[in-house]
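Observations on the model geometry
Spelled out from the first residue to the last, the chains are:
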Amino acid sequence: MGFSKLWLDYRKLADSRRRVIISCDRTLYDSAAFEELKNAMTTMVPDAIVIWKSEVFDDDSYLILLTLHPELSHEEYDIAASMDITEICGGSETGLLYGVFAYLRQTALAGGFCSFTAHGKPSQPLRMLNHWDEADGDIERGYSGQSFFFVNGDLEINERTLMYARLMASIGINGVVINNVNVRRRAKLLLTDEFSDRLADLGELFGKYGIKLFICPDFAAPKTIGGMDTADPLNKEVVNWWESTCAHLFEKVGNLGGFLVKADSEGEPGPMAYGRTHADGANMLARAVKPYGGIVIWRCFVYNCTQDWRDKNTDRACASYENFIGLDGQFDDNVYLQAKNGPVDFQIREPVHPLFGAMNNTNLIIEFQLAQEYTGQQKHVCWLIPMFREIMEHHTRHDLPDDRVSRIVCGVAAVANTGDSYCWTGSELAAANLYGYGRLLFDEKLSCTEIAEEWAELTFGDDDKVISAVKEILLDSKQAYEDYTVPLGIGWMCHPNDHYGPSPWGYEFDRWGTYNRADRDAVGVDRSAKGTGYSLQYAPSWAEIYGDTDKCPDELLLFFHRVPYTHILHSGKTVIQHIYDTHFEGYAKAEHFAELWKSLEGRIDDSIYQNGCERFAEQLRCAREWRDIINCFFHRLSGIDDEQGRVIY
Ligand code: GCV
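Note that the structure is predicted; figures quoted are calculated from it, not measured. (Residues numbered from 1 in each chain as written. Predicted model: local features only at pLDDT ≥ 70, side-chain atom pairs only at ≥ 80, totals over all residues. Heavy atoms only, no water.)

Describing the UniProt feature "domain: Glycosyl hydrolase family 67 C-terminal" (unreviewed entry) in the protein chain
Here the UniProt feature "domain: Glycosyl hydrolase family 67 C-terminal" (unreviewed entry) sits at residues 425-646. Secondary structure across residues 425-646 comprises 51% helix and 2% strand; the distance between its end C-alpha atoms is 37 Å. (UniProt positions renumbered as here; feature names shortened; annotations may be inferred. Helix = DSSP H or I, 4+ residues; strand = E, 2+ residues; numbered from the N terminus.)

Now the structure itself:
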């Protein structure tokens, strides 16, 4: 299948120069920065001759100088652009590449050469994408087709992989995990020579674009591929096995960054089976990769997934913190703990994970999910960047010089939303999530409006009507989705397993620790000190707020409390009236988005337009189901009518 160039589809500029001269040191001729600039200029100024050495410089020439500057840090750049001459400096080839992308973006947005200066340095050191691709080509929670990394059981490296590396570098991604954290079947062989040559090639390609390659190993590999009868991290032979496996792997795969590990979680093997801790497991692997500069990213998504719904004391939300807080300070310096943004699992509304700010002697990474598992599966438009930004800016209220999540973490990861569909993300609009994610991590000062505008213009061109409609849809879409789906932070009212569409009791009597406890009198989970005690995992001032029904923010009320339907929110509405109102409003917003999209017919590429129409039709069908089923569910339970007398089935 072919593929779109997304936001790197360079267009012709309003400039008729005869000559664009790119000048740089000979050693940069093979660099990605030079190649990108040369190719982009050939498209953007098609009548000009693009050359990279010239004695001739006349009035009609435009000169771009690429230089490395030792005073800039590795990923940093400076740009000084004028109408005739532009200088792009980078701290390394990667910094230079980021500078080139920034320059091309600015020039594309301006529609022509212009004068500006810019300085860039990433806000986050580690900016990662986690692919949940299987070696057989499927993608867990993938909504954009099959894997483009794994094709016919092998690692594929082709034009699409190159395009992928360019797209990722253009938004500043510097680490990519290519396989699923659940390490199944053939993926276990990623540690062996079955894959090492292809991994080496992929690593080399990624390296040119400033991206480190990561894989997810099977923690039980000493057993599953090493033929041993244990994977105990403190067993000397197990340690030796990992050391020699890593020595061989890192020698072969030059640009390997290390491992991402899901251990003792949802059936994945881990150290606890041997009575060892997460620190024992992570440190053992970290020591094996350390000689090669490798790191181990160890996930904190650990909970009891065989819970009895009758048990009201066990709380899945508490589990991650309980498993890790006592281990603070015990992890080696090349171990990074990766916690999801919230304590449960990528619901549309959760409080921020309580480990942030509480574990200050450990490297922490926050994990988001671009793949829209619980947020409409790329059929619904749900632009997540406002939510990511809000979480990154959240004050944890721990006693720290800067208590915001963005200053506590040393990296950010997101589950990728890509696949082999033509537009990479199934729906064109879902690509805005990928773009916005990278841009936000690189420059945390960018506002959501700026990011939405940039993406819309780079994707659709400079038609004001298109930009303003797309921007409006993106900016309002997350709130709309939250409104017509799950109220007040309760979560988990979706169909079990596939997680699409409403099913208010779908998870109520299951083993996953995902309950709403709704009955005729009340709804919500009591996670206050009187309940499961989860609220106490936060810094004291948040614990006080979250633990009190009168102080808890409305949007999280049912996450933290079980309250009667007549409970009055800060908004002045009762819980039940809030549920009815938001469900009607959310659906109305979805209708408005579909109308806005329809108004773009003829103004955007027809296949993109048609793809959008199909998806908005499905969003509306599904949003209607959400609205009517959730309203009906609570109406039947509570027996309370809608104040406005609207139809509740
Ligand atoms: C990769 C959720 C998803 C699983 C996923 C898991 C995880 O439970 O439904 O598909 O497994 O999260 O993050 O490990």
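From this point, the discussion proceeds with the structure in view.
What to know about the pattern of salt bridges
The final tally for this structure, using the stated rule, is 39 salt bridges. Across the pair arginine 184 and glutamate 140 runs a salt bridge whose closest N-O atoms are separated by 2.9 Å. Here arginine 184, found in the loop between β10 (175-177) and α4 (193-208), pairs with glutamate 140, found in the loop between β7 (126-130) and β8 (150-151); they are 44 residues apart in sequence, far enough to count as distant. By relative accessible area, arginine 184 is classed as partly exposed at 30%. One network of salt bridges, with partners in common, ties together Arg349, Glu390, Lys478 and Glu482. (Salt bridge = Lys/Arg side-chain N within 4 Å of Asp/Glu carboxyl O. Buried < 20%, exposed > 50% of the residue type's maximum accessible area, 1.4 Å probe, protein only.)

Let's talk about helix α17 (residues 606-638)
The terminal C-alpha atoms of α17, which comprises 33 residues, lie 47 Å apart, in line with the 48 Å expected from a rise of 1.5 Å per residue. Once α17 finishes, glycine 639 follows within two positions and takes phi at roughly 70 degrees, a positive value. (Expected span 1.5 Å × (residues − 1).)

Description of the UniProt feature "domain: Glycosyl hydrolase family 67 catalytic" (unreviewed entry) in the protein chain
When the UniProt feature table is mapped onto this chain numbering, "domain: Glycosyl hydrolase family 67 catalytic" (unreviewed entry) sits at residues 118-424. The straight-line gap between the two end C-alpha atoms of residues 118-424 is 30 Å; of that span, 27% is helix and 16% is strand.

Things to note about the packing of helix α2 (residues 93-110) against helix α3 (residues 159-170)
Interhelical geometry of α2 versus α3 gives an angle of 80 degrees and a closest axis separation of 9 Å. On the basis of the axis angle, α2 is roughly perpendicular to α3. Packed against α2, whose contacting residues are Leu97, Tyr98, Phe101 and Arg105, the element α3 presents Arg166, Ala169 and Ser170 at the interface. Its residues placed into classes, the contact of α2 with α3 shows four nonpolar, one polar and two charged. (Axes fitted to C-alpha atoms, helices over the stretch in contact; angles between N-to-C directions. Parallel < 35°, antiparallel > 145°, perpendicular 65-115°, else oblique. Contact = heavy atoms within 4.5 Å. Nonpolar A, V, L, I, M, F, W, Y, C, P; charged D, E, K, R; others polar.)

Details of the site of the ligand
Around the ligand lies a shell of 15 residues, among which Glu140, Lys262, Arg299, Lys340 and Glu373 are the nearest. In the model, an oxygen atom of the ligand is placed 2.5 Å from a nitrogen or oxygen of the glutamate 140 side chain. Between an oxygen atom of the ligand and a side-chain N or O atom of glutamate 266, the distance comes to 3.0 Å. Calculation on the ligand without its partners gives an accessible area of 340 Å², and the protein chains cover 96% of this total. When its residues are assigned to classes, the shell around the ligand shows four nonpolar, three polar and eight charged. (Near = heavy atom within 4 Å. Polar contact = N/O pair within 3.5 Å; in protein donor to acceptor, adjacent residues only side chain to side chain. Areas by Shrake-Rupley, 256 points an atom, 1.4 Å probe, with all protein chains shown as cover.)

Describing the side chain of aspartate 642
In this structure, aspartate 642 sits in the segment after α17. Among the residues examined, aspartate 642 registers a relative accessible area of 7% and is labelled buried. Only 2.9 Å separates the side chain of aspartate 642 from the side chain of arginine 646, close enough to count as a polar contact. Other than its neighbours up to four places away in sequence, aspartate 642 contacts Gln577, Tyr580, Asp581, Phe584 and Ile648.

Describing the domain arrangement of the protein chain
Taken domain by domain, the protein chain consists of domain 1 (6-120), domain 2 (126-446) and domain 3 (447-525 + 562-649). Taking the mean C-alpha position of each, domain 1 and domain 2 sit 34 Å from one another. Residue-level contacts link 17 residues of domain 1 with 21 residues of domain 2. With both sides pooled, the region where domain 1 packs onto domain 2 buries about 1,600 Å², and carbon together with sulfur makes up 61% of that total. A per-residue breakdown of the area domain 1 buries against domain 2 is headed by Leu6, Trp7 and Tyr98, which together make up 42% of the total. Summed over the shared surface of domain 1 and domain 2, the result is three salt bridges. The shortest N-O distance in the salt bridge between arginine 127 and glutamate 75 comes to 2.9 Å. Remark: the boundary between domain 1 and domain 2 carries eight residue pairs in polar contact (both at pLDDT 80 or more). Top element by residues in the side of domain 1 that touches domain 2 is α2. It accounts for five residues. Looking at the side of domain 1 that touches domain 2 residue by residue, the class counts come to nine nonpolar, three polar and five charged. (Domains from an automatic or database assignment. Buried area = accessible area lost by both parts, 1.4 Å probe.)

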